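Below are the chains, spelled out letter by letter.
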Amino acid sequence: MSQNMMSVSSLNTKIKSLLEATFMHTLVEGEVASVTYHTSGHLYFSIKDDKSAIKCVMWRSSVAKMKFRIEKGMHIVVEGSVSVYTPRGEYQFQTVRIEPYGQGALALAYEQLKEKLKQKGYFDAQAKKVIPKHIQKIVLVTAKESAALHDMLKIIQTRWALLEVVIVDTLVQGYEASTQIARSLQYADTLKADVVVVGRGGGSAEDLWAFNEERVADAIFHMVTPVVSAVGHEVDVLISDFVADLRAPTPSAAMEMIFPDSREILYTLNEINERYIYTLKEKLQRKVRELNHLEELLLRSSPVLRLMEIDEKFSIKKNELKRMMKYKIEYLSSQVPEIRIRYKERMIFKMQKKEQYLALLNEKFKISNPKLQCHEGWAQVSYMGKKVNLNRLEVDNKFILEDGEIQVEALCLGKKKS
């Protein structure tokens, strides 16, 4: 299978790159074959000659600047470039300006010079210099008393006032204009500025023709300083626009394109500052939380904290003990009257019992009391410390006789039975 084979998408992409790179800022002349003014504001039409036709489109922004309406059968000249819609493999002519047919000489000269400079590489993207983002010094090459200069200075003052502005006065219209513009550009290139803007306000094709001259293109191409071409209105596309490092549709637009809006920058800086403060606060709060956490961990492992915890537990136990003692005391205090009553009743009861018992003992004592037991004429006999009967005594035994009141020591002189 051939190695040159490609997909449909690849083929359409290559065609798109080739066509759009080849047919840039092209003028096409023909008869209007069909025309539709769309409700969106865009203009869709086609132009033809005796052999072929091409679809064209003009976007709303360009349509709004047209001074007339095109009609079917009208002979016109369109300016634009070829664009390709790769999903369907279709191409059309994207129109930026439409003029009635009749200005062929200037158009032909324009196209011839454009092609010549293109072949010399004046339009190549790799030859373009980068416009600095931060501009401190600018050179404006234009007519000193022109409205375009006034507009540019006004926008500079509004958007970026902290800027060194050098004005190089030059003719921008007429027979000698192209020579003066070229010399002014060469001089501006020696001023060591960050960027040079060359341009003027709008006008007819003849008024703007100085910026289509080859000497002006040569001067722009050979400059070391980046150049912005700001000539005419948005629909005016000149040779200087192709050669310059940046094309601005108008002088005012050039200032808006290369300078930031100081108010937007201040707003952005304010937002950045607020985000910075917010981020700083967040980080600070996070660090404070981390510090508090570490402090808490340190306290948890601290002997002082342990002592404090023990002391707290002790205080709790102490308070509990006090509370319990107070409760017991209050409880017992509330029980004292009842206990006193019960104690008194019990003491009375015991006293009564003891009195009864004492009375009983007293009766027993009376019964057992020898003094009370002894009848008249009777005595108790004791021998050798023991109570004995008389029959235990022997002759010559000493013994004791006693009654309830008197004790007598006696001697057994004799013994006989009664």
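A brief report on the enclosed structure follows. Keep in mind that this is a model prediction, so the values were computed, not measured. Here the residue numbers are simple positions, counted from 1 along each chain's written sequence. It should be noted that, the model being predicted, local features are given only for residues of pLDDT at least 70 and side-chain atom pairs only at 80 or more, the latter also being counted only at that level, while totals for whole chains, interfaces and linings use all residues. To get the side-chain values, take all heavy atoms of the structure and skip hydrogens and water.

1. Some details on the pairing of strand E3 (residues 53-58)
Two faces, one strand: in a regular strand the side chains alternate between the faces of the sheet. Between any two strands, at least two bridges found by DSSP are needed for them to pair. Secondary structure counts use DSSP, requiring at least four H or I residues in a row for a helix and at least two E residues in a row for a strand, with both numbered from the N terminus. Pairing of strand E2 (residues 43-48) with E3, which is carried by six bridges, proceeds in the antiparallel orientation. Paired with Phe-45 across the strands is Cys-56, a residue of E3. In this antiparallel pair of consecutive strands, E2 and E3, the connection spans four residues. As judged from the three bridges shared by E3 and strand E5 (residues 90-100), these two strands associate in the parallel manner. Residue Cys-56 lies in a different strand from E5, and its bridge partner there is Phe-93.

2. Notes on the sheet that holds strand E14 (residues 407-411)
One open sheet holds the four strands; their spatial order is E12-E11-E13-E14, and the pairing between them is antiparallel. Single-partner strands in this sheet number two, and they are strand E12 (386-387) and E14. Bridge analysis of strand E11 (residues 380-383) against strand E13 (residues 398-402) gives three bridges, and the strand direction is antiparallel. Looking at the pairing, Gln-380 lines up with Glu-402 of E13.

3. Topic: the side chain of Arg-200
Mapping Arg-200 onto the fold places it in strand E8 (residues 195-200). The buried label goes to any residue with under 20% of its type's maximum accessible area, the exposed label to any with over 50%, and the partly exposed label to all in between, with areas taken from a 1.4 Å probe on protein chains only. Charge counting treats Lys and Arg as positive and Asp and Glu as negative, with His and both chain ends excluded. Basic side-chain nitrogens of Lys or Arg form a salt bridge, by our definition, when they fall within 4 Å of a carboxyl oxygen of Asp or Glu. Among buried charged residues, Arg-200 stands out as having no salt bridge; its nearest opposite-charge side chain is Asp-207, 4.9 Å away. Throughout this description, a polar contact denotes any pair of N or O atoms lying within 3.5 Å of each other; where both atoms belong to protein, one of them has to be capable of donating a hydrogen while the other can accept it, and for residues adjacent in sequence the pair is counted only when both atoms sit in side chains. A polar contact is formed between the side chain of Arg-200 and the backbone oxygen of Val-172, at a distance of 3.4 Å. Within the local environment of Arg-200, its side chain forms a polar contact with the backbone oxygen of Gly-202, the two atoms lying 3.1 Å apart. Contacts of Arg-200, omitting those with residues within four sequence positions, involve Thr-142, Ala-148, Val-172, Gln-173, Asp-207, Leu-208, Phe-211, Ala-230, Val-231, Gly-232 and Pro-251. Any two residues having at least one pair of non-hydrogen atoms within 4.5 Å are treated as being in contact.

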